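If you want the building blocks of each chain, they are given just below.
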Amino acid sequence: MNVVGSAADLAARLRGTGYLADEGLATVGYLALALDRPLLLEGEPGTGKTALALAIAEALDLQLIRLQCYEGIDSTQALYDWDFPRQILHLRTVEATSSGAEVEEVERSLFDERFLLARPVLRALRESPAVLLVDEIDRADDEFEAFLLEVLSTHEVTIPELGTIRAEVPPIVVLTSNRTREVHDALKRRCLYHWIDHPGLEREVEIIRTRLPEVSRRLAEQVARSVQRMRELDLLKPPGVAETLDWARAIDALGTDALDVQSAAATLGAVLKYREDSERVRESLDRLLAS
Ligand SMILES: Nc1ncnc2c1ncn2[C@@H]1O[C@H](COP(=O)(O)OP(=O)(O)OP(=O)(O)O)[C@@H](O)[C@H]1O
Ligand SMILES: [Mg+2]
């Protein structure tokens, strides 16, 4: 299944989708594929964690199946549910048409594949080869993490009414976390871990140029340089790559080809999302924009 020959090969394939991975990320990504291990990505918001899973799926021409975690998520939202309204409808039809049907038989027909609502984890097991993205695992609770660990270890689940479903080929699993809480050691042990940092200046310029080819090199460099300086300001919410791209897009949309104090001030809302941060940056805009 693993068609990727090396870390450099993976980096080149990701680049083909517009995702620029540095050597560390490409290497851990390659190892995750080669060793069949889930990849756990942590990092500041907007550093390309989610985008990496999308890029891997696209680069390998695999289906991406996404499980977005949130507070209170439980295994029914991840695995499967029964389509209750359709089951009731089916029951009514059976009652109306075959009065002599055995209770057991009716019951069996109720828990049939037709009424199964497969959720992301079950779909990933059944439809693998696929990429399963478990996004923002830190939002889920301990119990859900334990459930996930079990599935990721065995690649199978048991549905009492249907039996055990096992992945023929394990899915490629990417988990992301924004570290609002620590992921447990047991899950970490199962995974290969990588912390994605904000990109360096050169890479960030390249990311802008790749994602937004309409933006000039000069503007891309000005935006990237200013964002890199903002990140040193100890802001409440330092801008991620997502904000860099939004900022470049906004300035470009104004029809300006250069970042000056005026265009920067007018578009600051694309890059900073807290009043305190905006005020802070406005004070030192001249210095931030200096070449
Ligand atoms: N290395 C990269 N190469 C190309 N594009 C990138 C890279 N890193 C980030 N991006 C782009 O930046 C944007 C934000 O990335 P993404 O949503 O994946 O961040 P995230 O780490 O998942 O953030 P969050 O923690 O807020 O969910 C996306 O549009 C993504 O394509
Ligand atoms: Mg994300």
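Residues numbered from 1 in each chain as written. Chains lettered and ligands numbered in written order. Predicted model: local features only at pLDDT ≥ 70, side-chain atom pairs only at ≥ 80, totals over all residues. Heavy atoms only, no water.

Per an unreviewed UniProt entry, the recorded name for the protein is MoxR-like ATPase, and the organism is Kribbella caucasensis.

Colleague: Give a detailed account of the state of the cysteines, specifying residues and quantitative values.
Modeller: Enumeration over the complete set of coordinates arrives at 0 disulfides. Cys69 forms no disulfide, and the closest cysteine sulfur to it belongs to Cys191, at a distance of 12 Å. With relative accessibility at 0%, the residue Cys69 sits in the buried group. Residue Cys191 is classed as buried on the basis of its relative accessible area of 6%. (Disulfide = S-S within 2.5 Å. Buried < 20%, exposed > 50% of the residue type's maximum accessible area, 1.4 Å probe, protein only.)

Colleague: Give me the sheet that holds strand S1 (residues 39–43): which residues, what numbers.
Modeller: With parallel pairing, 5 strands are arranged side by side in an open sheet as S2-S5-S8-S1-S9. At either margin of the open sheet sits one strand with a lone partner, and together these are strand S2 (63–68) and strand S9 (192–196). Between one strand axis and the next, the sheet turns by 20 degrees as a mean value, whatever way the strands run. Two elements, S1 and strand S8 (residues 172–177), share 4 bridges in a ladder whose sense is parallel. Looking at the pairing, Leu41 lines up with Thr176 of S8. (Pairing = 2+ DSSP bridges. Helix = DSSP H or I, 4+ residues; strand = E, 2+ residues; numbered from the N terminus. Axes fitted to C-alpha atoms, helices over the stretch in contact; angles between N-to-C directions.)

Colleague: Explain the side chain of Thr267 residue by residue, including any values.
Modeller: Examined against the element boundaries, Thr267 turns out to sit in helix H13 (residues 261–267). Residue classification places Thr267 among the buried positions, given a relative accessible area of 7%. Those residues in contact with Thr267 that sit more than four places away from it in its chain are Trp247, Ala250, Ile251 and Leu254. (Contact = heavy atoms within 4.5 Å.)

Colleague: Tell me about the packing of aromatic side chains, and please be specific about residues and values.
Modeller: Applying the stated rule across the entire model yields 3 aromatic pairs. Geometrically, the ring pair formed by Tyr80 and Trp82 is edge-to-face, given 6.1 Å between the ring centres and 80 degrees between the ring planes. For the pair Tyr80 and Trp82, a shared accessibility class is recorded, and that class is buried. With centroids separated by 5.4 Å and ring planes inclined at 45 degrees, the aromatic side chains of Phe144 and Phe147 adopt a geometry described as tilted. Taken as a pair, Phe144 and Phe147 lie in helix H8 (residues 142–154) at a separation of 3 residues, close to a single helical turn. For the pair shown, Phe144 and Phe147 are each scored as buried. In this structure an aromatic cluster arises from ring pairing among Tyr80, Trp82 and Phe111. Stacked on the ring of Tyr193, the Lys or Arg Lys188 has its end atom at 5.8 Å from the ring centre. (Phe/Tyr/Trp six-rings, centres within 6.5 Å; stacked < 30°, edge-to-face > 60°. Lys NZ or Arg CZ within 6 Å of the ring centre and 35° of its normal.)

Colleague: Quick rundown of the domain arrangement of the protein? Include the residues and the values.
Modeller: According to the domain assignment, the protein contains domain 1 (7–75 + 120–196), domain 2 (80–115) and domain 3 (201–284). Just the C-alpha atoms count here: the centres of domain 2 and domain 3 sit 58 Å apart. (Domains from an automatic or database assignment.)

Colleague: Describe the site of ligand 1, and please don't skip the residues or the numbers.
Modeller: For ligand 1, the set of nearby residues contains 17 residues, the closest of which are Leu20, Gly46, Lys49, Ala51 and Asn178. One of the backbone nitrogen or oxygen atoms of Leu20 is found 2.7 Å away from a nitrogen atom of ligand 1. Glu136 is positioned such that a nitrogen or oxygen atom in its side chain is 3.4 Å from an oxygen atom of ligand 1. When isolated, ligand 1 has an accessible area of 630 Å², and the protein chains bury 80% of it. (Near = heavy atom within 4 Å. Polar contact = N/O pair within 3.5 Å; in protein donor to acceptor, adjacent residues only side chain to side chain. Areas by Shrake-Rupley, 256 points an atom, 1.4 Å probe, with all protein chains shown as cover.)

Colleague: An account of the nonpolar core is requested, with residue identities and associated values reported.
Modeller: Considering soluble globular proteins, one finds that nonpolar side chains tend to be buried as a cluster. Ranked by internal contacts, the top residues of the largest apolar core, which has 35 residues, are Val134, Ile137, Phe144, Leu148 and Leu175. Elements that contribute at least two residues to this core include exactly S2, strand S3 (80–82), helix H7 (120–127), strand S5 (130–135), H8, strand S6 (156–159) and S8. No other element matches H8, which puts 6 residues into this core. Composition of this core by domain shows at least three residues from each of domain 1 (7–75 + 120–196) and domain 2 (80–115). (Core = buried A, V, L, I, M, F, W, Y, C linked by side-chain atoms within 4.5 Å.)

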